[in-house]
Amino acid sequence: PAPYIGGLKYSSVLAVKYYIDAVQARAFYDSCKNVQYSSTQTKVIGMLCGRSADACTVTDFFTFLGTPPNAPFKIAFNLKERNQTVVNITAMNATTHRCDMPTLPSNKTCSCQDCP
């Protein structure tokens, strides 16, 4: 049931189903998978995946990112293949940038020494 605050009834989001283009999801994962903590020389992706970096997959990565407490509510990421049709759904397909590439020509690249 929705809570009442100050006499008004409120609803909240409990979960979201989010479609992302599988190629874009892979590019996003690939942009992160080799970033390392300079102090330990370990891959950051292990912390963003909930398992070792070597065992992490694209699906594991998005599942971990969409699971509380890593997200404010459950986000079910659905990787959509380009030849797959989902009625009334347009999957996210944004440009992904490596951490050593600027997002815009006028932007600077990451100065982080951990970026491969």
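For every chain, the first residue of the written sequence is number 1, and numbering continues from 1 onward in sequence order. Predicted model: local features are reported for residues with pLDDT of at least 70 only, side-chain atom pairs are reported and counted for 80 or more only, and whole-chain, interface and lining totals are derived from all residues. The side-chain figures draw on all heavy atoms in the structure; neither hydrogens nor water molecules are used.

A. Main features of the overall build of the protein. When helices and strands are tallied, the protein shows 2 helices and 6 strands. Starting at the N terminus and ending at the C terminus, the protein contains elements arranged as β-β-β-α-β-β-α-β. Each residue gets one of three labels from its accessible area relative to the maximum for its type: buried under 20%, exposed over 50%, partly exposed in between, using a 1.4 Å probe on protein chains only. The buried share of the protein, reckoned over its 116 residues, is 23%. For the protein, restricting intrachain contacts to residue pairs at least 6 apart in sequence, the fraction spanning at least 24 positions comes to 52%. Accessible surface area values rest on a Shrake-Rupley calculation with a 1.4 Å probe, where residue burial reflects the displayed protein chains alone. For the protein, the exposed area adds up to about 8200 Å²; of that, 57% sits on carbon and sulfur atoms. The helix and strand labels rest on DSSP assignments: H or I over at least four residues marks a helix, E over at least two residues marks a strand, and numbering proceeds from the N terminus. Throughout, a contact is declared for two residues whenever any of their heavy atoms are within 4.5 Å.

B. Molecular detail of the packing of helix 1 (residues 22–32) against helix 2 (residues 58–65). Lines are fitted to the C-alpha atoms to define the axes, a helix being fitted only along its stretch in contact, and any angle between axes, read from their N-to-C directions, falls within 0 to 180 degrees. Two elements in contact, helix 1 and helix 2, have axes whose closest approach is 10 Å; the angle formed by their N-to-C orientations is 85°. Of the possible angle classes, the one that applies to helix 1 and helix 2 is roughly perpendicular. In this structure, helix 1 uses Ala25, Arg26, Phe28, Tyr29 and Cys32 to contact helix 2, whose residues at the interface are Val58, Phe61, Phe62 and Leu65. Across the contact of helix 1 with helix 2, the residue classes tally to 8 nonpolar, no polar and 1 charged. Note on angle classes: values under 35 degrees are labelled roughly parallel, values over 145 roughly antiparallel, values of 65 to 115 roughly perpendicular, and the remainder oblique. When residues are grouped by polarity, Ala, Val, Leu, Ile, Met, Phe, Trp, Tyr, Cys and Pro land in nonpolar, Asp, Glu, Lys and Arg in charged, and all others, Gly among them, in polar.

C. Molecular detail of the nonpolar core. Among buried residues, those of type Ala, Val, Leu, Ile, Met, Phe, Trp, Tyr and Cys that are joined through side-chain atoms within 4.5 Å constitute a nonpolar core. Within the largest apolar cluster, 10 residues are counted, these being Ile20, Ala25, Tyr29, Cys32, Ile45, Cys49, Cys56, Val58, Phe61 and Phe62. Elements that contribute at least two residues to this core include exactly helix 1 and helix 2. Beyond its immediate chain neighbours, meaning those up to four positions away, phenylalanine 61 contacts Phe28, Tyr29, Cys32, Ile45, Leu48, Cys49 and Cys56.

D. Expanded view of the side chain of lysine 80. Mapped onto the fold, lysine 80 is located in strand 6 (residues 74–80). With residues up to four places along the chain from it excluded, the contact list for lysine 80 reads Ile20, Asp21, Ala22, Val86 and Ala91.

E. Looking closely at the packing of aromatic side chains. When two rings of Phe, Tyr or Trp (its six-membered ring) have centres within 6.5 Å they constitute a pair, described as stacked for plane angles under 30 degrees, edge-to-face for angles over 60, and tilted for the intermediate range. A full pass over the atoms with the stated rule returns 6 aromatic pairs. Relative to phenylalanine 62, the ring of phenylalanine 61 has its centre 5.3 Å away and its plane inclined at 75°; by these criteria the two rings are edge-to-face. As far as burial versus exposure is concerned, phenylalanine 61 and phenylalanine 62 are alike and both buried. On the basis of an interplanar angle of 65° and a centroid distance of 5.1 Å, the ring pair of phenylalanine 62 and phenylalanine 77 is categorised as edge-to-face. On the criterion of sequence distance, the pair formed by phenylalanine 62 in helix 2 and phenylalanine 77 in strand 6 is long-range, its members being 15 residues apart. With a relative accessible area of 4%, phenylalanine 62 lands in the buried category. Among the aromatic residues, those joined into a ring-pair cluster are Tyr18, Phe28, Tyr29, Phe61, Phe62 and Phe77.

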